Amino acid sequence: LVLRGLEAPLGCTRGAGIARRCGSVLALGLRQALDPGAFARREDLFAAIRSQGALSIVAHPRGVPDPGYFDLADGMEIYDIADAMRERIVDVPRYFLEFALAPAAYQEELLLPIVERADWHLAQWDLLTRTRRLVGLAGNDAHQNLTVFGRRVDPYDAVFRAVNTHILASSLSPESLVEALRVGRCFSSFNLLADAAGFQFVVRDGENGPVVGLMGDEVSIQDGLVLEVRSPVPAVIELFRDGTPIRRQEGRQLRHAVDRPGVYRVEVSLKVVDRWRPWIFANPIYVRA
């Protein structure tokens, strides 16, 4: 997992993708190598990841036949490029052909078909966050292992720019990155459409009052709480409570006076070419009774 900014140093943390018969798990923040074959039970695998202070993220969640993975994990992928391609399997041959024939300068534009809302993943996430905190991340699934007519169709530079997870961390140290992810201070975006740096989702004590909560935080319900969303560019901002959309605003800002407990999260869309396309998916703010 790499955090990169313009003219900024790199922050990096060690991780591993673990594929098992019952599902795939991302282990983020490992301190040493992990042998997944050494653990016969799923509980032992998750315990071993946790013992290193690392996070366990359910990857390719739609393909996980064992729901126990969600109970044990710290988070899940709410979007994954490989899953998006599988769901559009009828378009894959045409996409590969277009990618192979297109000039290199236009390869990113050919990734537009994968910029879709992962409905099943988001519905599962909404269901799980009603009872517990669960961080949501986007997965690039970058392997650079597909070629058509001798031309690479999944180059790292294009795939890594397509979808990103932005982390609100106090520093670029591995410990700071993992801790920010652990508490859900992050949001995912299709940077293929636009750079999402500068997006904000906070809760304030009063309309212009101090910030009392960020993405991933739990806040007790009280009079005067206001959720505030800021987009770096004009967009459509949609606010969800417990998985149900409750507010929709076009522009750069949305404010909502909190009148009841709930799990509040945000989606942002941009109009690209011919229609509105999903752009940003923010981790929830949990307003508790």
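Residues numbered from 1 in each chain as written. Predicted model: local features only at pLDDT ≥ 70, side-chain atom pairs only at ≥ 80, totals over all residues. Heavy atoms only, no water.

Brief notes about the overall build of the chain
Now for step 1: Each helix and strand counted, the chain has seven helices and 19 strands in total.
Now for step 2: Within the chain, buried positions represent 49% of all 289 residues.
Now for step 3: Expressed as a percentage of contacts within the chain between residues at least 6 apart in sequence, the contacts between residues at least 24 apart total 60%.
Now for step 4: Element-wise, carbon and sulfur atoms account for 52% of the exposed surface of the chain, whose accessible area totals about 14000 Å². (Helix = DSSP H or I, 4+ residues; strand = E, 2+ residues; numbered from the N terminus. Buried < 20%, exposed > 50% of the residue type's maximum accessible area, 1.4 Å probe, protein only. Contact = heavy atoms within 4.5 Å. Areas by Shrake-Rupley, 256 points an atom, 1.4 Å probe, with all protein chains shown as cover.)

Notes on the nonpolar core
Now for step 1: Grouped together as the largest cluster of nonpolar side chains are 63 residues, with contacts concentrated most on F199, F201 and V266.
Now for step 2: When residues in this core are grouped by element, the largest group, six residues, is from strand β15 (residues 225–241).
Now for step 3: Formed by eleven residues, the second largest nonpolar core is a distinct cluster that contains L28, L55, V135 and L181. (Core = buried A, V, L, I, M, F, W, Y, C linked by side-chain atoms within 4.5 Å.)

With respect to the pattern of salt bridges
Now for step 1: Per the counting criterion, the structure on display carries 17 salt bridges.
Now for step 2: The residue R117 makes a salt bridge to E267 at a minimum N-O spacing of 2.9 Å. Of this pair, R117 sits in the loop between α4 (92–101) and α5 (119–129) while E267 is found in strand β17 (residues 262–272), placing the two residues 150 residues apart along the sequence.
Now for step 3: Overall, R117 belongs to the partly exposed group, its relative accessible area being 31%. (Salt bridge = Lys/Arg side-chain N within 4 Å of Asp/Glu carboxyl O.)

Section: the sheet that holds strand β6 (residues 75–80)
Now for step 1: Across the sheet, which stays open at both edges, the five strands sit in the order β3-β4-β5-β6-β7 with mixed pairing between neighbours. Lying at the two open borders of the sheet, with one neighbouring strand each, are β3 (15–20) and β7 (135–139). Pairs of neighbouring strands in the sheet enclose a mean axial angle of 30°, with direction left out of account.
Now for step 2: The sheet contact formed by strand β4 (residues 23–28) and strand β5 (residues 55–59) spans five bridges and is antiparallel. Note on β5: the bridge partner recorded for L28 is L55.
Now for step 3: Against the sheet, α5 touches β6 and β7, its axis set at about 160° to β6.
Now for step 4: Against the sheet, helix α7 (residues 174–182) makes contact with β4, β5 and β7, and its axis sits at roughly 55° relative to β5, the strand it touches most. (Pairing = 2+ DSSP bridges. Axes fitted to C-alpha atoms, helices over the stretch in contact; angles between N-to-C directions.)

Examining the side chain of S56
Now for step 1: With respect to the element layout, S56 can be found in strand β5.
Now for step 2: Classification of S56 as buried rests on a relative accessible area of 1%.
Now for step 3: Not counting the four nearest positions on each side in its chain, S56 is found in contact with V25, L26, F46, I49, L72, A73, D74 and G75.

Overview of the environment of G53
Now for step 1: Within the secondary structure layout, G53 lies in the loop between α1 (42–51) and β5.
Now for step 2: Exposure remark for G53: the relative accessible area of 23% places this residue in the partly exposed category.
Now for step 3: Linking G53 and E179, residues 126 residues apart in sequence, is a C-alpha distance of 9.3 Å.
Now for step 4: When sequence neighbours within four positions are dropped, the list of residues in contact with G53 reads R31, V178 and R182.

Description of the confidence of the model for the chain
Now for step 1: Summing up the model confidence of the chain, the mean pLDDT is 86 and the portion of residues at 70 or higher is 84%.
Now for step 2: A low-confidence stretch, residues 1–8 stays under pLDDT 50, and its non-local contacts, those more than four residues away or across chains, total 15 contacts. (pLDDT = per-residue confidence, 0-100.)

Brief notes about the pairing of β6
Now for step 1: Among the six residues of β6, six are classified as buried, and the element is accordingly described as predominantly covered.
Now for step 2: With two bridges connecting them, β5 and β6 associate as parallel partners. Each bridged residue has a counterpart across the sheet, and for V58 the counterpart in β6 is M76.
Now for step 3: Pairing between β6 and β7: five bridges, direction parallel.

Description of the packing of aromatic side chains
Now for step 1: Taken as a whole and judged by the stated rule, the model has four aromatic pairs.
Now for step 2: Taking the centre distance of 4.8 Å and the plane angle of 80° together, the rings of Y79 and F190 count as edge-to-face. In this pair, Y79 is assigned in strand β6 and F190 in the loop between β11 (186–189) and β12 (200–205), connecting sequence segments 111 residues apart.
Now for step 3: On the basis of relative accessibility, which here comes to 5%, the residue Y79 falls in the buried class.
Now for step 4: Here F190 and F281 contribute two aromatic rings whose centre-to-centre distance is 6.5 Å and whose plane-to-plane angle is 75°, an arrangement assigned as edge-to-face. With F190 in the loop between β11 and β12 and F281 in strand β18 (residues 275–282), this pair connects stretches of sequence that are 91 residues apart.
Now for step 5: Given a relative accessible area of 3%, F190 falls into the buried group.
Now for step 6: F281 gets classed as buried once you look at its relative accessible area, which sits at 6%.
Now for step 7: Through a chain of ring-to-ring contacts, the aromatic side chains of Y79, F190 and F281 assemble into a single cluster.
Now for step 8: Note that R265 overlies the ring of F240, its terminal NZ or CZ placed 4.5 Å from the centroid. (Phe/Tyr/Trp six-rings, centres within 6.5 Å; stacked < 30°, edge-to-face > 60°. Lys NZ or Arg CZ within 6 Å of the ring centre and 35° of its normal.)

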